[in-house]
Amino acid sequence: MTTIYPSIPASSYPIGRSAADLMALKQQIDQLSSQLSSGRVGETFSGLGASRSDSLSARAMLSALDGYDVGITSAQPRVQLISTSVAQISKSVVTLRNALVSNNPGAGASEALARDGLESTIAVLNQQIGGRYVFGGREDRMPPVASAAVLLDGDSSDPAKPLAGLKALVAEQTRADRGDGTGRLAVSRPSPTSVQLREDADPGARANFGFTLAGAAVVSSSFATVSHSAGTIDGAGPQFAQAPLPSDRFRVVVNQPSGGQKTYDLSGADLADISSPANAASSLLALLGNGKIASVQSATPPGLQATFATGGTAGALTIDVARQPAVGDQLSIKLALRDGTTTTVTLQAQSRVDADSASDFAIGATLTETAQNISESLRRALARASDTVLAASSTVRATQDFFAGQSAPGLAARRIDFSAATPAYAQIASTSTVTWYRGEGSTAAPREAVVVQTSSTSALAVGARANEDALRSALAGLASVAASGSGTTTAASTERSKSLASRALALLPTQEAVDGITNDFGLAQAALSEAQSENKAIRAIHRTQLDRLESAPAEAVVAELVSLQNRLQASYQVTAMISKLSLVNYLR
C-alpha cells in the first residue's frame, strides 16, 4: 500500500526564517532611506550606536565655544570704548599740562580750559554700553562720577541736606591756612629796634595749617642780627572710643620729616591688637612708626580721636636792627608749607618805597623807624605770600582731600571745623560732602571687576573703575585748576597761577600711568581677537568630527541601499519559490 504524506505547510520553519530575514532587510532599507532623506545617521542619539558618547562630547564642546564667543563678542565693544575713553582723557591731561608748563594762557583762561577738560573727562568716565557704565566696576547701574557742576559747586538738590563741593573745601582750607591773613605767623615788635616773627601757638594749627619757619633769616649785610629758635611739633595721641572691629575704617594723616603730610586709610584689620581701645591705639602708633599724627577721622564706632599735648614750642625769629642798612641790602626769610614745599620772602632796603610794597622796606630816619618799616613790609609780604603760594597750596591740599573721599563710613573727604578759636580737622567723618565717585569701592584690582571666560583654561580681566590712581589723578589735576579762583590783585593772580601750575602738574598723572591703562586694554583687544580665532579653529575641528559621526554620506547610503534592495528582491523570489513547494510540485 502506498503511503501518502501531507504537504509541507507555508508556516513551516524555513518559511518563517525567510520572513524574518525579509523583515530585517526591510528595516535596514527603511533606515537607509531615512538617512538618505535627512542626511543624518540617526534621528536620536540612540541611533548613533557606539558613536553616541563621542557625539555628545563634541556637541558639549561646541556649546561651550558658543558661550565663550558670546562673552568675547559682548566684551569687545566694552574694551574698545574704554580704550577710546582713556585716550580722550589723556588728550585732556596733555592739553592742560602744556598750558601749565607754558603758563599761557593766563589764570582765568587756564581755569576755563581745566573746566572744559574736567567736563570732558567726566563725560567719558560716565559712558555706558548696553545700559552698564563701564567705569563703575561691579556697580555699573549708575554714573560712577558726579557731574562737574556737582563736583565743584556741590549738590543742593535736597535743601534739607546740601552737600559741599570742591570749591567749598578749597575755601575752608584757604581760610584755615591764611589765619589773620599772614599764614598763621604773627609779626610783633618786642623792642623798639626789633621785629619778631612767631608761629601759631596752637600745636594742632601748627601741625596742619599755614606757614612755619624753615630756618633763620638771611641778612645780606650786618645791618641786623638774627636769632632763631626752631619750633617743635609733637604728634597727636590717638584714642579709640571703643575697640575697632576688623571692618571698621578710619583715616590717619601724619606729618613727615620732609615737611609734607601722608594719608593712611586703615581698618581694624591693619592693627596688630584690637582687643581693647588702648591696645588698638598702641598698635596704631606702632604701625605708623616715626610718623607724627596730624589729624584723624573715623565714623562712630570706632570713634577715633587724636589730641595734641600742651608740649612743643612755637618757632620764633627775631630781627634786631643794629645799624641803618644800605640801599639794596636784603632780608630773606624761608617759610615751610604743609605740602612739603618752601617759599622765601625777601625784603630789600630802599630810600623810598610804595605804601603797598610787599618786597621793599624804607630806610627810616632812625633805627626804630627802620624796624617799624621792616615790620610793616613783612606783614604785607606775608599777606602776599598767603594770597599766592599758600593759596595755591591750599587749593591742591583741599583737592587731594576731596578726591581721597570715599563712600565707606569714616573715609569721607576731610573737613575743617571752625567752631573753636583755632580751626581743626573734624574727627567725625562728614556726611555733608559730595562723594565724587559712586562706583564699586572694592580694594581688589580694577580689572578683576569684569572677567571674560575666553576658553576652558583662560579668562581675561577687562574691568575698569574711575577711581583708579591715574584716572583719579587726572580728575584731581583738572579740578584743582578749575576750582582755583584768582588772587586779590592782578599781580597776585599771576603769581598764584604760577604757584598753582607747578602743584597741579604734580597732581596730574604721568603719561606712563595713563598709557598703562591704554596698554592694558590694547592687549585685551588683541587677546580677545586671538581667542576668537582660536575658538573658530577649534570649532571647525569639532564640527568636522561631529559631521563624521552624525552625517550619512549620500553616495555610501545609495550604494548600500541598492545592495540591500537587490538582496531583498532575491529573498522575495526565494521565499516565493519555497512557499509553492509541495509533494505534487516536487514530484513534477
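The structure displayed is predicted, hence computed values, not measured ones.

A. Inspection of the packing of helix α9 (residues 389–404) against helix α10 (residues 469–482) at higher detail. Between α9 and α10, whose axes approach to 10 Å, the crossing angle comes to 140 degrees. Put simply, α9 runs oblique to α10. Like other packed secondary-structure pairs, α9 and α10 cross with a definite hand, here right-handed. In contact with T395, T399 and F403 of α9, α10 contributes R472, L475, A476, A479 and S480.

B. Focus on unusual backbone geometry. Following T300, the chain continues into P301 via a peptide bond in cis, with omega recorded as -5 degrees. Its place among the elements puts P301 in the loop between β11 (292–298) and β12 (304–307). Following P301, the chain continues into P302 via a peptide bond in cis, with omega recorded as 10 degrees. Considering the arrangement of structural elements, one finds P302 in the loop between β11 and β12. The backbone phi angle of R184 is positive, close to 65 degrees, even though this residue is not glycine. Within the secondary structure, R184 sits in the loop between α5 (166–178) and β3 (186–188). By relative accessible area, which is 15% here, R184 ends up buried.

C. Seen up close, the packing of helix α8 (residues 367–387) against α9. One can describe the packing of α8 onto α9 by two numbers: an axis separation of 3 Å at closest approach and a directional angle of 30 degrees. The orientation of α8 with respect to α9, classified from their angle, is roughly parallel. Taken together, the residues of α9 that come into contact with α8 (itself represented by A385, S386 and D387) are V389, L390 and A391. Looking at the contact of α8 with α9, its residues break down into four nonpolar, one polar and one charged.

D. Looking closely at the sheet that holds strand β4 (residues 194–198). Read from one edge of the open sheet, four strands run β3-β4-β13-β7, paired in antiparallel fashion. Whereas interior strands pair on both sides, the edge strands pair on one side only; in this sheet they are β3 and β7 (224–229). Pairwise comparison of adjacent strand axes, ignoring direction, gives a mean angle of 15 degrees for this sheet. Inspection of the sheet shows β3 paired to β4 by three bridges, in the antiparallel sense. By the bridge assignment for β4, A186 is matched with R198.

E. Broad picture of the pattern of salt bridges. One pass over the full model with this rule turns up 18 salt bridges. Among the salt bridges present, the one from E119 reaches R115, with a minimum N-O distance of 3.1 Å. On the criterion of helical spacing, the pair formed by E119 and R115 is a turn pair, its members being four residues apart in helix α3 (residues 107–125). Judged by its relative accessible area of 24%, R115 is partly exposed. Salt-bridge contacts for D387 lead to R496; the nearest nitrogen and oxygen are separated by 3.0 Å. Residue D387 is located in helix α8, and its partner R496 is located in helix α11 (residues 490–507); the two are separated by 109 residues in the primary sequence. Comparing D387 with R496 shows no difference in burial state: the two are buried. Through salt bridges with shared partners, a single ionic network connects D66, D69 and R539.

F. Spatial organisation of the pairing of strand β13 (residues 316–321). When you tally the buried positions in β13, you get five out of six residues, the bulk of the element. Note that β4 and β13 share five bridges and pair antiparallel. Directly across from V195, in β13, lies its bridge partner I319. Pairing geometry for β7 and β13, over six bridges, is antiparallel. When the bridges of β13 are listed, S227 appears paired with T318.

G. Examining the sheet that holds strand β9 (residues 249–255) more closely. Across the sheet, three strands lie side by side as β10-β9-β11; this open sheet has antiparallel pairing. This sheet does not close on itself; its edge strands, each paired only once, are β10 (261–267) and β11. Recorded for the sheet is a direction-independent mean angle of 20 degrees between the axes of neighbouring strands. For β9 and β10, the ladder comprises seven bridges, and the chain directions are antiparallel. Bridged to V252 within β10 is Y264.

H. Examining the confidence of the model for the protein chain more closely. Of all residues in the protein chain, 81% have pLDDT values of 70 or greater, and the mean over the chain is 88. In the model, residues 1–8 has pLDDT below 50 throughout and makes three contacts with residues more than four positions away in sequence or in other chains.

I. Layout of the nonpolar core. Residues L118, F135 and L151 are the most contacted members of the largest nonpolar core, which totals 62 residues. Listing elements by their share of this core, those giving two or more residues are α2 (52–102), α3, α4 (148–153), α5, α9, α10, α11 and α12 (511–550). Beyond its immediate stretch of four places on either side in the chain, L151 contacts L118, I122, A146, G165, L166, F402, F403, W436 and A479. Ranked by size, the runner-up nonpolar core spans 29 residues in total, among them L197, V321, L331 and V345.

J. Fine view of the packing of aromatic side chains. Tallied over the full model, the rule gives six aromatic pairs. An angle of 35 degrees between the planes, with centres 5.1 Å apart, marks the rings of F209 and Y425 as tilted. Separated by 216 residues along the polypeptide, F209 in the loop between α6 (203–208) and β5 (212–213) and Y425 in strand β18 (residues 424–425) bring together distant segments of the chain. Looking at F209, the relative accessible area reads 2%, which means it is buried. The structure contains a cluster of three or more aromatic residues connected by ring pairs, namely F402, F403, W436 and Y437. Between R175 and the ring centre of F418, over which it is positioned, the NZ or CZ distance is 3.9 Å. The cationic tip of R414 hangs over the ring face of Y425; the distance from NZ or CZ to the ring centre is 3.7 Å.

Rules behind the numbers
- Residues numbered from 1 in each chain as written.
- Predicted model: local features only at pLDDT ≥ 70, side-chain atom pairs only at ≥ 80, totals over all residues.
- Heavy atoms only, no water.
- Axes fitted to C-alpha atoms, helices over the stretch in contact; angles between N-to-C directions.
- Helix = DSSP H or I, 4+ residues; strand = E, 2+ residues; numbered from the N terminus.
- Parallel < 35°, antiparallel > 145°, perpendicular 65-115°, else oblique.
- Left-handed = near helix turned anticlockwise from the far one by under 90°.
- Contact = heavy atoms within 4.5 Å.
- Buried < 20%, exposed > 50% of the residue type's maximum accessible area, 1.4 Å probe, protein only.
- Nonpolar A, V, L, I, M, F, W, Y, C, P; charged D, E, K, R; others polar.
- Pairing = 2+ DSSP bridges.
- Salt bridge = Lys/Arg side-chain N within 4 Å of Asp/Glu carboxyl O.
- pLDDT = per-residue confidence, 0-100.
- Core = buried A, V, L, I, M, F, W, Y, C linked by side-chain atoms within 4.5 Å.
- Phe/Tyr/Trp six-rings, centres within 6.5 Å; stacked < 30°, edge-to-face > 60°.
- Lys NZ or Arg CZ within 6 Å of the ring centre and 35° of its normal.

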